Amino acid sequence: MRILVTGGAGFIGSHLCERLLGEGNEVVCLDNFFTGSRENIAHLADRPGFSVVDHDITEPIQLEADRIFNLACPASPIHYQHNPVKTVKTNVMGAINMLGIAKRVGARILQASTSEVYGDPAEHPQRESYWGNVNPIGPRSCYDEGKRVAETLFTDYHRQHGIDIRIIRIFNTYGPRMRENDGRVVSNFIVQALKGDELTIYGSGEQTRSFCYVDDLVDGMIKLMDCESGKVHKPVNVGNPGEFSMNELALKIEAALGKKLQVRHLPLPEDDPKQRKPDISRASEMLGWVPTTTLSDGLDKTIGYFKQRLESSGNS
Ligand SMILES: NC(=O)c1ccc[n+]([C@@H]2O[C@H](COP(=O)([O-])OP(=O)(O)OC[C@H]3O[C@@H](n4cnc5c(N)ncnc54)[C@H](O)[C@@H]3O)[C@@H](O)[C@H]2O)c1
């Protein structure tokens, strides 16, 4: 199959491109390299069937594909808040442009949505039926509301035009090729620990998140895309239901590195959710998907990646 992956040079996208190529598909990676990098996909460059299109999804484009994975969007607060209007455009105009391609060529299309559509949730754990608690005018809204509108667009293209859509609500994902300086907690803690700096904990550190290893997520994404038509046009949560506080995560990293780490507490950012944990019953019943990588194993692999990066940049 010919598969278009927007945001294919990013953290998750590069793993997805790699897996799809490995399964014998032709893969077109479309990216504007805002938060992604050529380095993330350098190991794929010479693989037969792999091509790169340097393009911004807010602009229309004519492409042919059997399937589209729409991942293009900066995912960390420092990047999506850098130019909030652009973030909304990427989510909304990007979705319209990609849905337009799907409509024209009859492709199946998957939207990378997010647990952020639940906002600061009043229900715990979050099921797909929960409508969320999102501030429409806060500093995170360009991302949260942008992703919510994208879900609306996908659903309306399905209802109105019969497009074969998939919506995956991704919960915190971590692994090799995360950026070391984008403020996401796993990469933040690991890089600070490896450099011998204090770990930054916002608030008391009792707020919780669930962390899914990137290989498990990619597995769920492909299962959802492959799922037979007619079965899944509703959103599907994909994440690891294991729930850890920031303090517990710091202890896990301490154990993995075998050294005592110092922490520094800073005020909690505005609208920071207190709890996040996916209910994955829908994914497990419909797709037979459950995550299989433990936090300790995933952290070991991620620490290995950052160690190598810091050593090669002379920064360890
Ligand atoms: N990583 C997570 O924990 C997580 C959680 C929930 C949802 N997601 C979603 O998964 C997707 C991928 O996330 P990621 O963690 O790999 O982030 P990332 O920032 O590493 O990847 C995003 C990619 O999209 C590209 N991009 C951004 N704007 C673009 C535009 N206008 N046109 C073309 N390309 C553009 C970037 O250059 C980058 O390569 C995003 O849509 C994100 O919202 C990620």
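Before any of the text, the structure's been laid out above.
Conventions adopted
Residues numbered from 1 in each chain as written. Predicted model: local features only at pLDDT ≥ 70, side-chain atom pairs only at ≥ 80, totals over all residues. Heavy atoms only, no water. Helix = DSSP H or I, 4+ residues; strand = E, 2+ residues; numbered from the N terminus. Expected span 1.5 Å × (residues − 1). Buried < 20%, exposed > 50% of the residue type's maximum accessible area, 1.4 Å probe, protein only. Pairing = 2+ DSSP bridges. Axes fitted to C-alpha atoms, helices over the stretch in contact; angles between N-to-C directions. Contact = heavy atoms within 4.5 Å. Salt bridge = Lys/Arg side-chain N within 4 Å of Asp/Glu carboxyl O. Near = heavy atom within 4 Å. Polar contact = N/O pair within 3.5 Å; in protein donor to acceptor, adjacent residues only side chain to side chain. Areas by Shrake-Rupley, 256 points an atom, 1.4 Å probe, with all protein chains shown as cover. 1 Å grid on protein atoms, 1.4 Å probe; cavity = no way out; pocket = protein on both sides within 12 Å on 5 of 7 lines; lining within 4 Å. Points joined across faces, edges and corners; volume = space filled by probe spheres on them. Nonpolar A, V, L, I, M, F, W, Y, C, P; charged D, E, K, R; others polar. Parallel < 35°, antiparallel > 145°, perpendicular 65-115°, else oblique. Left-handed = near helix turned anticlockwise from the far one by under 90°.

> Explain helix H1 (residues 11–22) to me, please; I cannot follow it from the model alone.
Three or four residues apart is the spacing at which side chains of an α-helix point the same way, because the helix has 3.6 residues per turn. An ideal rise of 1.5 Å per residue puts 16 Å on 12 residues; H1 measures up with 17 Å between its terminal C-alpha atoms. Among the 12 residues that make up H1, 9 are buried, leaving the element largely enclosed by the rest of the structure. Turning to H1, its buried residues number three or more, namely Phe11, Ile12, Gly13, Ser14, His15, Leu16, Cys17, Leu20 and Leu21.

> Teacher, can you tell me more about the sheet that holds strand E1 (residues 2–6) here?
Strand pairing within a sheet occurs via backbone hydrogen bonds; the two strands may be parallel or antiparallel. The parallel open sheet is built from 7 strands, whose spatial order is E3-E2-E1-E4-E5-E6-E11. The open sheet has two edge strands with one neighbour each: strand E3 (50–54) and strand E11 (235–238). Between one strand axis and the next, the sheet turns through 20° on average, direction left out of account. Pairing of strand E4 (residues 67–70) with strand E5 (residues 108–114) involves 4 bridges; the strand directions are parallel. Following the sheet pairing, Asn70 is matched in E5 by Gln111. Together, E4, E5, strand E6 (165–170) and E11 form the strand contacts of helix H5 (residues 141–161), whose direction differs from that of E5 by roughly 155°. Sitting on the sheet, helix H7 (residues 214–226) touches E4, E5, E6 and E11, and the angle it makes with E6 is about 160°.

> Sorry, what's going on with the pattern of salt bridges here?
Note that side chains of opposite charge can pair when their charged atoms are close. Taken as a whole and judged by the stated rule, the model has 21 salt bridges. The salt bridge partner of Arg127 is Glu123, with a shortest N-O separation of 3.8 Å. Given a relative accessible area of 27%, Glu123 falls into the partly exposed group. Here Arg166 ties to Asp164 by a salt bridge, and the two come within 2.8 Å at their closest N and O atoms. The exposure class of Asp164 is buried, given its relative accessible area of 15%. Put simply, Arg19, Asp219 and Lys223 are held in one network by salt bridges that share partners.

> Looking at this structure, how should I read the pairing of E6?
Consecutive side chains along a regular strand alternate between the two faces of the sheet. Of all 6 residues making up E6, 6 are buried, and the element is well covered by its neighbours. Because side chains alternate across E6, one face comprises the buried residues Ile165, Ile167 and Arg169, and the other comprises Arg166, Ile168 and Ile170, equally buried. In this sheet, E6 lies alongside E5 in parallel orientation, the contact comprising 6 bridges. By the bridge assignment, Gln111 is partnered in E6 with Ile167. Here 4 bridges tie E6 to E11, and the two strands are oriented parallel to one another. By the bridge assignment, Ile168 is partnered in E11 with Val236.

> Help me out: how do you make sense of the site of the ligand in this one?
With respect to spatial proximity, 29 residues lie near the ligand, and among them Asp31, Thr35, Tyr143, Lys147 and Arg184 are the closest. In this structure, Ile57 approaches the ligand through a main-chain N or O atom, which is 3.0 Å from a nitrogen atom. Here Leu71 contributes a backbone N or O atom positioned 2.8 Å from an oxygen atom of the ligand. Out of a free accessible area of 820 Å², the ligand has 97% covered by protein chains. Going through the elements one at a time, H1, E5 and H5 are the ones with two or more residues in the shell around the ligand. Top element by residues in the shell around the ligand is E5. It accounts for 3 residues.

> Just to check I follow, could you spell out the layout of surface pockets for this structure?
A probe as big as a water molecule, rolled over the atoms, marks out the empty space that is left. Computed from the structure, the second largest pocket encloses a volume of approximately 220 Å³. Glu128, Tyr130, Trp131, Glu151 and Arg169 are, among the 13 residues lining the second largest pocket, the residues nearest its centre. Ranked by residue count, the leading element in the lining of the second largest pocket is H5, at 3 residues. Looking at side-chain class alone, the lining of the second largest pocket contains 5 nonpolar, 2 polar and 6 charged residues.

> What should I look at first to understand the packing of helix H6 (residues 185–194) against helix H10 (residues 295–312) in this one?
Axes are the key here: two packed helices are described by the angle between their axes and the distance separating the axes. Contact geometry for H6 and H10: axes closest at 10 Å, N-to-C directions at 55°. On the basis of their axis angle, the class for H6 and H10 is oblique. Of the two possible hands of crossing, H6 and H10 adopt the one that is right-handed. Between H6 and H10, the residues in contact are Val186, Ser187, Ile190, Val191 and Leu194 and Leu299, Thr302, Ile303, Phe306, Lys307 and Leu310, respectively. Of the residues in the contact of H6 with H10, the class split is 8 nonpolar, 2 polar and 1 charged.

> When you look at the packing of H6 against helix H8 (residues 246–257) in this model, what are you seeing that I'm missing?
At a closest axis distance of 11 Å, the pairing of H6 and H8 adopts a crossing angle of 45°. Our classification of the angle between H6 and H8 gives oblique. Relative to H8, H6 is oriented so that their crossing is right-handed. Of the residues in H8, those in contact with Val185, Val186, Phe189, Ile190, Ala193 and Leu194 of H6 are Met246, Leu249, Ala250, Ile253 and Leu257. Taken together, the residues of the contact of H6 with H8 break down into 11 nonpolar, no polar and no charged.

No statement about biological role is implied by the geometric values presented.
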